[in-house]
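Residues per chain, in single letters:
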2 protein chains.
Amino acid sequence: MPRSRHNSSPTLADWGEDRLVAALTRDLPHGAEVLVGAGDDCAVIGRKRDARWQLLKTDVVIEGIHFLPDEDARRVGWKALCRAISDIAAMGGIPAHALITLAAPAATPVDRVKALYAGLRKAARKYDVGIVGGETSRSPGPLFLNIALTGWVERQQCVLRSGGRPGDSLYVTGRLGGSLAGKHLDFQPRIEEARWLVSHFKPRAMMDLSDGLAADLPRLAAASQCGYTIDEACLPLNTGCTPTQAMSDGEDFELLFALPARSATALEAAWKKRFPRLPLTQIGRLIPHSAIRTPYSHGYDHFAER
Amino acid sequence: MPRSRHNSSPTLADWGEDRLVAALTRDLPHGAEVLVGAGDDCAVIGRKRDARWQLLKTDVVIEGIHFLPDEDARRVGWKALCRAISDIAAMGGIPAHALITLAAPAATPVDRVKALYAGLRKAARKYDVGIVGGETSRSPGPLFLNIALTGWVERQQCVLRSGGRPGDSLYVTGRLGGSLAGKHLDFQPRIEEARWLVSHFKPRAMMDLSDGLAADLPRLAAASQCGYTIDEACLPLNTGCTPTQAMSDGEDFELLFALPARSATALEAAWKKRFPRLPLTQIGRLIPHSAIRTPYSHGYDHFAER
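As the structure is a prediction and not an experimental result, all values here were calculated from the model.

Caption draft 1: Examining the overall build of chain A more closely. What chain A contains, in helices and strands, is eight helices and 11 strands. Scaling as 2.2 N^0.38, a compact globule of 306 residues should have a C-alpha radius of gyration of about 19 Å, and chain A matches this with 20 Å. Referenced to the eigenvectors of the C-alpha coordinate spread, the extents of chain A come out at roughly 60 × 50 × 50 Å. For chain A, with 306 residues in total, the buried portion stands at 60%.

Caption draft 2: Looking closely at the interface of chain B and chain A. With 73 residues of chain B at the interface, the matching set in chain A holds 73 residues. Summed over both sides, the interface between chain B and chain A buries roughly 5,700 Å², with carbon and sulfur atoms accounting for 68% of that surface. Counting the contacts that link chain B with chain A gives two salt bridges. Here B:Glu135 and A:Arg83 are joined by a salt bridge, their closest N and O atoms 3.9 Å apart. If you look at where chain B meets chain A, you find 31 residue pairs in polar contact (both at pLDDT 80 or more). Contributing elements (two or more residues each) for the side of chain B that touches chain A: α1 (12-15), α2 (17-25), β2 (43-45), β3 (52-62), β4 (94-104), α4 (110-126), β5 (130-138) and β6 (144-154) of chain B. Looking at the side of chain B that touches chain A element by element, the count peaks at nine residues for β5(B).

Caption draft 3: Seen up close, the confidence of the model for chain A. Residues with a pLDDT of 70 or more make up 92% of chain A, whose mean pLDDT is 90. Contacts from residues 294-306 of chain A, a stretch scored under 50 in pLDDT, to residues over four places away or in other chains number 30 contacts.

Caption draft 4: Representation of the environment of B:Ala148 within the structure. As for its position among the elements, B:Ala148 is in strand β6. For B:Ala148, a relative accessible area of 6% corresponds to the buried category. B:Ala148 sits 49 residues away from B:Leu99 along the chain, and the two C-alpha atoms are 5.1 Å apart. Apart from residues no more than four positions distant in its own chain, B:Ala148 is found in contact with A:Ala148, B:Lys57, B:Thr58, B:His97, B:Ala98 and B:Leu99.

Caption draft 5: Examining the relation of the copies chain B and chain A more closely. Rotating chain B by 180° and translating it 0.0 Å along the rotation axis places it on chain A, where the RMSD comes to 0.0 Å. Put plainly, the chains are arranged around a two-fold axis. Of every C-alpha in chain B, the one belonging to B:Gly141 sits nearest the axis of rotation, 2.3 Å from it. Comparing interface residues between copies, 100% of those in chain B also sit at the interface in chain A, which points to an isologous, same-surface contact.

Caption draft 6: A look at the pairing of β3(B). Residue and element names in this part refer to chain B. With 10 of its 11 residues buried, β3 lies for the most part within the structure. As judged from the three bridges shared by β2 and β3, these two strands associate in the antiparallel manner. Counted as the bridge partner of Ile45 is Gln54 from β3. Adjacent in sequence and paired antiparallel, β2 and β3 are bridged by six residues, among which Gly46 carries a positive phi angle near 155°. Relative to β6, β3 runs antiparallel, the two being bridged by 11 bridges. Within β6, the position partnered with Trp53 by the bridge is Val153.

Caption draft 7: Representation of unusual backbone geometry in the model. A positive phi is found at A:Phe253, a non-glycine position, where the angle reads about 55°. With respect to the helices and strands, A:Phe253 occurs in the loop between α7 (243-248) and β10 (255-259). Residue classification places A:Phe253 among the buried positions, given a relative accessible area of 2%. A positive phi angle is found at B:Asp128, which is not glycine, with a value near 60°. Looking at where B:Asp128 falls in the secondary structure, it is placed in the loop between α4 and β5.

Caption draft 8: Fine view of the packing of aromatic side chains. Applying the stated criterion across every chain, the model contains 15 aromatic pairs over all chains. Each ring, one from B:Phe187 and one from B:Phe253, has its centre 4.1 Å from the other, and the planes form 15°; the classification is stacked. With B:Phe187 in the loop between α5 (183-186) and α6 (191-200) and B:Phe253 in the loop between α8 (243-248) and β10 (255-259), this pair connects stretches of sequence that are 66 residues apart. In this pair, the class of B:Phe187 matches that of B:Phe253, namely buried. With a centroid separation of 4.7 Å and 50° between ring planes, the pair formed by B:Trp271 and B:Phe275 is classed as tilted. Overall, B:Trp271 belongs to the buried group, its relative accessible area being 2%. For B:Phe275, a relative accessible area of 8% puts it in the buried group. Each residue in the set A:Trp196, A:Phe201, A:Trp271 and A:Phe275 is aromatic and connected to the rest through ring pairs, giving one cluster. The aromatic ring of A:Trp15 is capped on one face by A:Arg19, whose charged end is 3.9 Å from the ring centroid.

Caption draft 9: Structural context of the sheet that holds strand β8 (residues 205-208) of chain B. Residue and element names in this part refer to chain B. Spatial ordering of the open sheet is given by β8-β10-β7-β11-β9, a layout of five strands whose pairing is antiparallel. The open sheet has two edge strands, β8 and β9 (226-230), and neither has a second partner. Averaged over neighbouring strand pairs, the angle between their axes works out to 25° when direction is ignored. The pairing of β8 with β10 spans four bridges and is classified as antiparallel. Counted as the bridge partner of Asp208 is Leu255 from β10. Sheet strands touched by helix α7 (residues 213-223): β7 (169-173), β8, β9, β10 and β11 (280-288). Its angle to β9, the strand with the most contacts, is close to 145°.

Caption draft 10: Fine view of the domain arrangement of chain A. All names here are of chain A. Each assigned domain of chain A is listed here: domain 1 (14-156) and domain 2 (159-302). Each of domain 1 and domain 2 was reduced to a C-alpha centroid, and the two centroids are 22 Å apart. Every contact between the two is made by 30 residues of domain 1 and, on the other side, 24 residues of domain 2. Summed over both sides, the interface of domain 1 with domain 2 buries roughly 2,200 Å², with 49% coming from carbon and sulfur. A per-residue breakdown of the area domain 1 buries against domain 2 is headed by Arg75, Lys79 and Ser86, which together make up 22% of the total.

Caption draft 11: Layout of the sheet that holds β5(B). Residue and element names in this part refer to chain B. One open sheet holds the six strands; their spatial order is β1-β2-β3-β6-β4-β5, and the pairing between them is mixed. Two strands in the sheet have a free side with no partner beyond their single neighbour: β1 (34-36) and β5. Between one strand and the next, the sheet's axes are offset by a mean angle of 20°, whatever the strand orientation. The pairing of β1 with β2 spans two bridges and is classified as antiparallel. The residue of β2 that forms the bridge with Val34 is Ile45.

Rules of the game
Residues numbered from 1 in each chain as written. Chains lettered and ligands numbered in written order. Predicted model: local features only at pLDDT ≥ 70, side-chain atom pairs only at ≥ 80, totals over all residues. Heavy atoms only, no water. Helix = DSSP H or I, 4+ residues; strand = E, 2+ residues; numbered from the N terminus. Rg over C-alpha atoms; globule rule 2.2 N^0.38 Å. Buried < 20%, exposed > 50% of the residue type's maximum accessible area, 1.4 Å probe, protein only. Contact = heavy atoms within 4.5 Å. Buried area = accessible area lost by both parts, 1.4 Å probe. Salt bridge = Lys/Arg side-chain N within 4 Å of Asp/Glu carboxyl O. Polar contact = N/O pair within 3.5 Å; in protein donor to acceptor, adjacent residues only side chain to side chain. pLDDT = per-residue confidence, 0-100. Least-squares fit on C-alpha atoms with pLDDT ≥ 70 in both. Pairing = 2+ DSSP bridges. Phe/Tyr/Trp six-rings, centres within 6.5 Å; stacked < 30°, edge-to-face > 60°. Lys NZ or Arg CZ within 6 Å of the ring centre and 35° of its normal. Axes fitted to C-alpha atoms, helices over the stretch in contact; angles between N-to-C directions. Domains from an automatic or database assignment.

Given below as structure tokens:
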């Protein structure tokens, strides 16, 4: 792994993202009225008894990492805003206002930037988001497009990652895997589905699948202080995908949630009526923390045995 | 000027920032409860009669553009957050919650990122800002640090760029010019001064000076549909700076505001008592729009003659 040439400090590559984030978010100044800070899909701001809470999210897409230089800029703009909208959905909320930061090389064709904004606008119109400001800068490197998004959720419908309990059934919406074939640029954030879910059922924990089930499910389970077990044979696969791809490809932007097992039958029947074209699949359940050997892990290989 | 190799579209360099921003912000979906969208220091969200309005701001610093690779990362972190805080000050508001997006090369030393965060934390503590979340990503180019910041302001104390009237006196706080000698990394956003100002006097228009008086004053005047006249001999200069530097260097992060001329004497006396160590200087006044030949211009050369 590369080490810094300047001194003996380890590099970001040495540490990896999760260790870095854990170190950086330790002891952050919280400020007033913060109900949930770093670590969930969104930050939650408000007072405990407010009828509504505010949701805050920031998310970036970078050329060469999240999209390629020759990809359709309109779809890139769509993706950039929809990634953040998906995080609002994961809390059970409604998106409200977005701020756009665009950094691009001086030689970028104006038409490409206009196409990016056409994609942003299209997503904003579809999900009723106001684009209320932003910032443009020259980039000496690749194109960066950062979205800051606010939203809100009724106090009683706000779903965190941390509320799951042993025995809860685990569900995912849609199909998993193969997002790089194109879906990562065209996905539909599950706002409508999440809003229906939080108003008709009471998911105890929820998140959106951005890094793949193999990385994200352990995060939800850890936040809920649970273990988990999944049935690989049940995974809803996108056409041509293996279960391993469904676990690891990432960028599915589907919902993953935990629900009391007693509600499972009613949920499945009501879902089929309301969203007949979108699969909802029970993939496993949360189990007691003590029932697994590795309480928190990232990779597919470390999943608890059933 | 460079043109795209891919097609005949002009590039961002051909267009320049102001033309680009004007094109991108045309027809943006506004969303609900937007009192002020793109174009002022912050967006303003709320209903007309709410006692408080929310302020939203996003701002980025990029290695090689806003700071150099060998600059003290702690000071860079300070600057990144304080730039956004300065925009909240420019509305008369109080900063509240920040989200941080960091994109950095994999070979970045962990210590450098920790130092950036130490600077962010220091600014957050000083100005009572909660850092409530963020996003980290690998950058295939330079280091990017984006800040999304919320804040609030009492409805009656919110100051836009657009309220100035012909005859208003124009003031700047502090001294101008020479920021690149170091001040751009250590400046103090004028929260305390702006809060005092909006609660004791009624500035009609206000903004912070980020691009230099020569670029920023025409923006305030245009938003207020006024012309302006300044007295160069009055400009408060940082040590060793010429008036031209004071007009053009940028990154002063001082307040520029317009106030009814009848309040000038009272303001100056009260200011001297309250902030004895920080100069407040009347640099000119707003004049009728019709009194100037070029209603809106960017460069120093285009200033209206007195």
